[in-house]
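Spelled out, the chains give:
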There are 2 protein chains.
Amino acid sequence: MTTINDIAKLANVSRTTVSRVLNNNGYVSDEVRKRIMKIVEETGYIPSLSAKSLRTKKSGVIGVILPKISTETASRVVSGINEVVAGENFQILLTDTELNKEKEIEYIRLLQSRHVDGIILLATNINDRLISTIEGAALPFISLGQDLPGVTSIVYDDYHASVDMTNMLISQGHEKIAFIGVGEEDPSVGIERKKGYFDSLEKHQLPTNDSWIQLGDFSIESGYESMKKIVKRNEGNLPTAVFVVTDRMAIGAMEYLREQGIRIPQDMAVAGIGASTLSQYVTPALTTIDYFNKEAGKKAAELLLQQLKQKKEKEKFIQTYRLIKRDSV
Amino acid sequence: MTTINDIAKLANVSRTTVSRVLNNNGYVSDEVRKRIMKIVEETGYIPSLSAKSLRTKKSGVIGVILPKISTETASRVVSGINEVVAGENFQILLTDTELNKEKEIEYIRLLQSRHVDGIILLATNINDRLISTIEGAALPFISLGQDLPGVTSIVYDDYHASVDMTNMLISQGHEKIAFIGVGEEDPSVGIERKKGYFDSLEKHQLPTNDSWIQLGDFSIESGYESMKKIVKRNEGNLPTAVFVVTDRMAIGAMEYLREQGIRIPQDMAVAGIGASTLSQYVTPALTTIDYFNKEAGKKAAELLLQQLKQKKEKEKFIQTYRLIKRDSV
DNA sequence: CAACTGTGTGTAATCGATTACATATCATTT
DNA sequence: AAATGATATGTAATCGATTACACACAGTTG
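Residues numbered from 1 in each chain as written. Chains lettered and ligands numbered in written order. Predicted model: local features only at pLDDT ≥ 70, side-chain atom pairs only at ≥ 80, totals over all residues. Heavy atoms only, no water.

Caption draft 1: Layout of the sheet that holds strand S8 (residues 241-244) of chain B. Residue and element names in this part refer to chain B. Read across the sheet, 4 strands follow the order S7-S6-S8-S9 without closing on themselves; strand pairing throughout is parallel. What marks the edges here is a single partner per strand, and that holds for strand S7 (213-216) and strand S9 (269-271). Each neighbouring strand pair of the sheet contributes to a mean axis angle of 20°, computed without reference to strand direction. Looking at chain direction, strand S6 (residues 177-182) and S7 are connected through 4 bridges and run parallel. (Pairing = 2+ DSSP bridges. Helix = DSSP H or I, 4+ residues; strand = E, 2+ residues; numbered from the N terminus. Axes fitted to C-alpha atoms, helices over the stretch in contact; angles between N-to-C directions.)

In structure tokens, the structure reads:
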């Protein structure tokens, strides 16, 4: 590896001058500048960013912590983040918690030790150790998807999205609306969306029923199984609609209904959340809610870059959403 | 930030001893070890990996260069890579070329300057500057998806996959088989898959026809448009099957056929490649080929880790595939 | 008992950059 | 002519770790 010292020697100058040329600051004569640049080109010299980062305390890297890499949501968000930060010559250091809370904390520390300039966390839960680890890290930090106390957060408007969707089903004349949700460890998806559903029903004085409610685990299969349970438990008196809190589980539910010859939407309307590509191309096309994940990723990146420039108070941003009505209702 | 020196001072030892404790090498008495560990815990000291990396020339980071982050293929591959490298405590530094050849080269240099321990490139093209940049980088390097000269490569068996799929269509009685491909800049997809199609037809002495051939750009829309052109140009005498080189374009093609009331598969069979989630849940379910992208990612990561341990000659691995026959044929 | 081996710890160089400070020249201003 | 300011370059400390080498002491061996 050639270093800045090698370049300096070859050009008969001090490494200070080389550094000045490379970073374009301070005074350097044109003649010397050209001489140095020529040697840099010839040798194919590439500065060590580890050394630079050690000295400057800046790495040009931002850490992203994902719950799971291979989901459409995650990849959209990362794509949005990348679009923004790449423009400012930052790279992304990716970590995947595999939905493990311990790893969330572990990775925050790891990213810190790697001197990332900031962290974007797609949080799936909230707990005290997490919060205090974030505080301890003392790094620009953005939470996406959960509102973390003390941390600038971008959240999806899960509650109102859910209310809107339920209202819409009701306005279509449905009175027996089933629900497939997830556990409460994930407050945004597990609590907010469920609350929206119940509140809407209550407001319209419609009945709820335990046998209409099931919880899945985000997978397509769990949607299938949940739907199965709902159908089995209500044979002869099926609900006429089902609101599923994620598209993937909704797709699973649809699959089961199709197998059973239960027609969508005539016998049972189905609605999801997420606006996955899948939702658009299944038959019938799935009614869903677009959360604009990529935009959220961009927003997160922009906020982070702002924070890099100047420290800010915690802020909370609510991402807009859009209900997409398709053939499944 | 507390540093190793702070710890050393607090523990009344030299930083050498602290380093020994932290890295678990050399002799340290139990008493001192405990004393140091206690202080490390209390202070929440986190070692600087920049400094470590500067000194040891190892970063614990591997660079991944993707053509596009938000595709299912990419996210599966990355997920596979991560699964393997995370187990060995490596992280992934992600870069996205947005299909720009210049950026491929730029990012190799960038990753090099960041002292990544190795690079995995999801290549979409082959050119001399790319090859020579890789050589110049003198880093453990894996190419995934294209066979790069001098670089250990994992390739999908595009040619035989394509032959198999075409053979299968022929065995179903199809004699007029249309084709939607992509440009030749991407040799694997653009050339190999096309060759397989033509060779299979030739072998079975079946006709080809320019009006049956269209090229898209990987997008769903381009599949739609290509299908449209094929249908328009062959009105009254449509081909009975269409082989599309990617699932997404195939989905687009199916959409157009559906709009036109051309029944799948009765009027026109459709086949894709990629085994996207989409392919499984569209109606009718799409016949496709599974390339086991996640496995390929894992394999790439394993090869890279091997190369980290000892330099190896170029090798070439051919990834297996599996034809998944579904309702669209 | 001299020589050796195994333990435990410290000194100081080193990795490759940045940057505060010093110095030197030259043109311009007063 | 002295003072000032702009330009150009160099010296050396510094960032936070690792590690070769040296040294001291203990126990073991022949």
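After presenting the structure, the write-up continues.
Caption draft 2: Structural context of the interface of chain B and chain A. Contacts between chain B and chain A engage 42 residues on the former and 42 residues on the latter. For the pair chain B and chain A, the two sides together bury roughly 3,900 Å², of which 59% comes from carbon and sulfur. Interface area lost by chain B to chain A is led by Gln91, Arg114 and Tyr281 of chain B, which between them contribute 18%. On inspection of chain B and its partner chain A, the count reaches 0 salt bridges. Where chain B meets chain A, there are 17 residue pairs in polar contact (both at pLDDT 80 or more). Listing elements by their share of the side of chain B that touches chain A, those giving two or more residues are helix H4 (49-56), helix H5 (72-87), strand S2 (91-96), helix H6 (101-113), helix H11 (247-259) and helix H12 (277-281) of chain B. No other element matches the 6 residues that S2 of chain B contributes to the side of chain B that touches chain A. For the side of chain B that touches chain A, the per-class residue count stands at 21 nonpolar, 16 polar and 5 charged. (Contact = heavy atoms within 4.5 Å. Buried area = accessible area lost by both parts, 1.4 Å probe. Salt bridge = Lys/Arg side-chain N within 4 Å of Asp/Glu carboxyl O. Polar contact = N/O pair within 3.5 Å; in protein donor to acceptor, adjacent residues only side chain to side chain. Nonpolar A, V, L, I, M, F, W, Y, C, P; charged D, E, K, R; others polar.)

Caption draft 3: Focus on the domain arrangement of chain A. Under the domain assignment, chain A is made up of domain 1 (4-47), domain 2 (59-156 + 293-320) and domain 3 (158-290). Placing a centre on the C-alpha atoms of domain 1 of chain A and another on those of domain 3 of chain A gives a separation of 64 Å. (Domains from an automatic or database assignment.)

Caption draft 4: Structural detail: the relation of the copies chain B and chain A. Superposing chain B onto chain A requires a rotation of 180° together with a translation of 0.0 Å along the rotation axis, leaving an RMSD of 0.0 Å. Taken together, the turn and the small shift mark the pair as related by a two-fold rotation axis. When you check the interface residues of chain B against chain A, 98% turn up at the interface there too, and the contact is symmetric in its surfaces. (Least-squares fit on C-alpha atoms with pLDDT ≥ 70 in both.)

Caption draft 5: How the structure looks around empty space enclosed by the protein. Enumeration according to the criterion identifies 2 cavities of 30 Å³ or more in this entry. Approximately 270 Å³ is the volume attributed to the largest cavity. Taken together, 16 residues form the lining of the largest cavity, with Ser50, Val61 and Arg114 of chain A together with Val61 and Arg114 of chain B sitting closest to its centre. Elements with a contribution of two residues or more to the lining of the largest cavity: helix H4 (49-56) of chain A together with H4 of chain B. (1 Å grid on protein atoms, 1.4 Å probe; cavity = no way out; pocket = protein on both sides within 12 Å on 5 of 7 lines; lining within 4 Å. Points joined across faces, edges and corners; volume = space filled by probe spheres on them.)

Caption draft 6: Geometry of helix H9 (residues 187-203) of chain B. All names here are of chain B. Taking 1.5 Å of rise per residue, the 17 residues of H9 would be expected to cover 24 Å, and the 22 Å separating its terminal C-alpha atoms lies within 8% of that figure. Every buried residue of H9 is accounted for by Pro187, Ser188, Val189, Gly190, Arg193, Lys194, Gly196, Tyr197, Ser200 and Leu201. Those residues of H9 that are buried are in contact with helix H8 (158-171), S6, S7 and S8. Phi turns positive one or two residues past the end of H9, at Gln205, with a value near 50°. (Expected span 1.5 Å × (residues − 1). Buried < 20%, exposed > 50% of the residue type's maximum accessible area, 1.4 Å probe, protein only.)

Caption draft 7: Broad picture of the sheet that holds strand S8 (residues 241-244) of chain A. Residues and elements named next belong to chain A. If you walk across this open sheet you meet the 4 strands as S7-S6-S8-S9, and the pairing is parallel. Looking at strand neighbours, the two that pair on one side only are strand S7 (213-216) and strand S9 (269-271), the edges of this open sheet. Within this sheet the neighbouring strands show an average axis-to-axis angle of 20°, counted without direction. The pairing of strand S6 (residues 177-182) with S8 spans 4 bridges and is parallel. If you follow Ala178 over to S8, its bridge partner there is Val242. Sitting on the sheet, helix H8 (residues 158-171) touches S6, S8 and S9, and the angle it makes with S8 is about 170°.

Caption draft 8: Structural detail: the protein's contact with DNA strand C. Residues in close proximity to DNA strand C total 29 residues, the closest being Ile4, Ser19, Ser48 and Arg55 of chain A together with Arg20 of chain B. Between DNA strand C and the protein, one listed contact pairs a phosphate oxygen with a backbone N or O atom of Ile4 of chain A at 2.3 Å. Residue Ser14 of chain B places a main-chain N or O atom 2.8 Å away from a phosphate oxygen belonging to DNA strand C. The set of elements that each furnish at least two residues to the surface near DNA strand C consists of helix H2 (15-23) and H4 of chain A together with helix H2 (15-23) and H4 of chain B. Tallied by class, residues from the surface near DNA strand C come to 10 nonpolar, 11 polar and 8 charged. (Near = heavy atom within 4 Å.)

Caption draft 9: Structural context of helix H1 (residues 4-11) of chain A. Residues and elements named next belong to chain A. Buried within H1 are the following residues: Ile7, Ala8 and Ala11. Projected onto a plane normal to the axis of H1, the buried residues spread over an arc of 100° and lie on a single side. Residues of H1 that are exposed and angled more than 90 degrees away from the buried face: Lys9 and Leu10. Elements that come into contact with the buried residues of H1 comprise H2 and helix H3 (30-43). Two or three places before Asn5, at the opening of H1, Thr3 has a side-chain oxygen 3.1 Å from that residue's backbone nitrogen. Phi for Asn12, located one or two positions after H1, is positive at around 60°. (Arc of directions from axis to C-beta.)

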